[in-house]
Amino acid sequence: HRRFDYRPKTDPYCQARYTFCPTGSAIPVMKEEDVIEVYRLQAPVWEFKYGDLLGHLKIMHDAVGFKSSLTGKSYTMEWYELFQLGNCTFPHLRPGMDAPFWCNQGAACFYEGIDYAHWKENGTLVLVTTISGAMFNEMAKWVKYDNETGIYYETWTVQASPDKQSVVWFDSYECSKFILRTYQKLADLGAVFKKIQTNYTSIILFSGEPIFLGNETSIFGPLGNKTLAAAIRDFYYPFKPHRTVGEFFVDLLKIIDHVILNRQFYLFYNLEYWFLPMKFPYLKIIYEEVPLPIGSKTSFGG
């Protein structure tokens, strides 16, 4: 997943149904001698709206919690879409614009407090390590860098087959990847993690070797490929938001026709378009273990 030099301003056309990071605050500077507990937080996606429904499908959202021993204050840090998941996964087809229009930025959110009931009720709230205030402050600098350069949310992992050793063509870039990067940074700084099982959700597309198609200018620009441009727009059209159940089922049939019967998928990744020759089983949601990173035995918290 590509790093960018800076985060572009978001277009006013991109609107969120739920405000991004409504109670967000700056990351505080901790006293170096502080001892800070680090918690793994996980709950079903959209739990606030659907309760444990998506938890049964193992579609989970990840975050990390911190608690200062000196002040007793707790904090939550997570990374998610600025304009909700649908906007990050599929574009808008705007009238008068040839190219699909994407509202696909993601960002980190830091705020005071841990909603213990939310994380405990249907999910996970477990202590994974302790760190010093000095390590927390170093992590905070890294979060700023990570947030300014890793700016686009990517829903899909794309790989060649369900086999564990399968080639991964494209990696997702979503909430769990941020948490894994944060844990790795803490391990690099000397944190020692407890030996507990940690599982994460991945939404995987299965495809033969992807075919590079070009970027917005080369496909949709004045000298672009009109046939390819029309095919990409036609592919994305059925994924639009639906006003009626009837509309949804008509478009669902179109999606099945594209993806399963014709084995076609157009992926937008790092501002470029790729064609995926789809393979059985086409799509799978997995919830698999990714171990906590291993830190140095002599480091703080060992």
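Per chain, residues are indexed from 1 in the order of the written sequence. At least 70 in pLDDT is required for a residue's local features to be given in this predicted model, at least 80 for side-chain atom pairs to be given and counted, and no such filter applies to totals for whole chains, interfaces and linings, which use all residues. Only heavy atoms go into the side-chain values, all of them from the structure, while hydrogens and water stay out.

(A) Looking closely at the nonpolar core. The biggest cluster of nonpolar side chains holds 29 residues, and the ones touching the most others in it are F66, M77, I131, F136, F178, Y183 and F193. Those elements that place two or more of their residues in this core are strand 1 (35-44), strand 2 (60-68), strand 3 (74-81), strand 4 (106-112), strand 5 (124-132), helix 5 (133-149) and helix 6 (175-188). Apart from residues lying up to four places away in sequence, F136 is in contact with I27, P28, M30, I36, F66, F110 and I131. Core analysis: the second largest hydrophobic core is formed by 27 residues, F90, V158, A229 and I232 among them. Each nonpolar core is a collection of buried residues, namely Ala, Val, Leu, Ile, Met, Phe, Trp, Tyr and Cys, held together in the definition by side-chain atoms within 4.5 Å. Residue exposure (1.4 Å probe, protein chains only): buried if accessible area is under 20% of the type maximum, exposed if over 50%, otherwise partly exposed. Strands here mean DSSP runs of E at least two residues long; helices mean DSSP runs of H or I at least four residues long; both are numbered from the N terminus. In this analysis, two residues are considered to be in contact whenever any of their non-hydrogen atoms come within 4.5 Å of each other.

(B) Seen up close, the pattern of salt bridges. Criterion for a salt bridge: a side-chain nitrogen of Lys or Arg within 4 Å of a carboxyl oxygen of Asp or Glu. If you walk through the whole model with that rule in mind, you get eight salt bridges. The closest approach of N and O atoms between R181 and D146, which form a salt bridge, is 2.9 Å. On the criterion of sequence distance, the pair formed by R181 in helix 6 and D146 in helix 5 is long-range, its members being 35 residues apart. The burial state of R181 is the same as that of D146; both residues are buried.

(C) Molecular detail of the environment of L292. Among the structural elements, L292 can be located in the segment after strand 11 (272-289). Linking L292 and E247, residues 45 residues apart in sequence, is a C-alpha distance of 44 Å. Among residues more than four places away in sequence, those in contact with L292 are V128, Y183, F193, K194, I196 and T198.

(D) Highlighting the sheet that holds strand 5. At least two bridges found by DSSP between two strands is the condition for calling them paired. Ordered in space as 4-3-2-1-5, the five strands form an open sheet in which the pairing is antiparallel. Edge positions in the open sheet fall to strand 4 and strand 5, since each of these has one partner strand only. Between one strand and the next, the sheet's axes are offset by a mean angle of 25 degrees, whatever the strand orientation. Alignment of strand 1 against strand 5, held across eight bridges, turns out to be antiparallel. Bridging across to strand 5, I36 finds its partner in I131. To obtain an axis, a line is fitted to C-alpha atoms, over the contacting stretch when the element is a helix, and the angle between two such axes runs from 0 to 180 degrees between their N-to-C directions.

(E) Fine view of the confidence of the model for the protein. The predictor's confidence in any single residue is recorded as pLDDT, a number from 0 to 100. Per-residue confidence for the protein gives a mean pLDDT of 90; residues scoring 70 or more make up 92%. Strand 9 (residues 211-215) holds the highest mean pLDDT among the elements of the protein, 98, whereas helix 1 (residues 47-50) holds the lowest, 55. Note that pLDDT drops below 50 for residues 297-302; the model gives that stretch 15 contacts with residues more than four away or on any other chain.

(F) Expanded view of helix 8 (residues 226-236). Listed in full, the buried residues belonging to helix 8 are L228, A229, I232, F235 and Y236. Viewed along the axis of helix 8, the buried residues span an arc of 130 degrees, placing them on a single side of the element. Exposed positions of helix 8 whose direction lies more than 90 degrees from the buried face are K226 and T227. Pairs of N or O atoms within 3.5 Å make up the polar contacts considered here, provided that, within protein, one atom can donate a hydrogen while the other can accept it, and that residues adjacent in sequence are counted only when both atoms are side-chain atoms. Its side-chain oxygen 3.2 Å from the backbone nitrogen of T227, N225 forms the N-cap of helix 8. Taken from the helix axis, the directions to the C-beta atoms give the arc we talk about.

(G) Region of the structure containing the packing of helix 5 against helix 6. Where helix 5 contacts helix 6, the axes come no closer than 10 Å and their chain directions differ by 140 degrees. Considering the angle they form, helix 5 stands oblique to helix 6. As helix 5 runs across helix 6, the sense of the crossing is right-handed. Each of M135, M139, W142, V143 and D146 in helix 5 lies in contact with helix 6, whose residues at this interface are F178, R181, T182, K185 and L186. Following the grouping adopted for this structure description, the nonpolar residues are Ala, Val, Leu, Ile, Met, Phe, Trp, Tyr, Cys and Pro, the charged ones are Asp, Glu, Lys and Arg, and the polar ones are all others, Gly among them. Along the lines of polarity and charge, the residues of the contact of helix 5 with helix 6 split into six nonpolar, one polar and three charged. If an angle is under 35 degrees, it is roughly parallel; if it is over 145, roughly antiparallel; if it lies from 65 to 115, roughly perpendicular; otherwise it is oblique. Two helices crossing with the near one rotated counterclockwise from the far one by less than a right angle form a left-handed crossing, whereas a clockwise rotation gives a right-handed crossing.

(H) Just unusual backbone geometry, in detail. Between F280 and the following residue, P281, the backbone shows a cis peptide bond with an omega angle of 5 degrees. Turning to its location among the elements, P281 is positioned in strand 11.

(I) View of the environment of S166. Note that S166 resides in the loop between strand 6 (156-159) and strand 7 (168-170). Setting aside anything within four residues of it in sequence, one finds S166 in contact with Q159, A160 and S161. Only 3.2 Å separates the side chain of S166 from the backbone nitrogen of A160, close enough to count as a polar contact.

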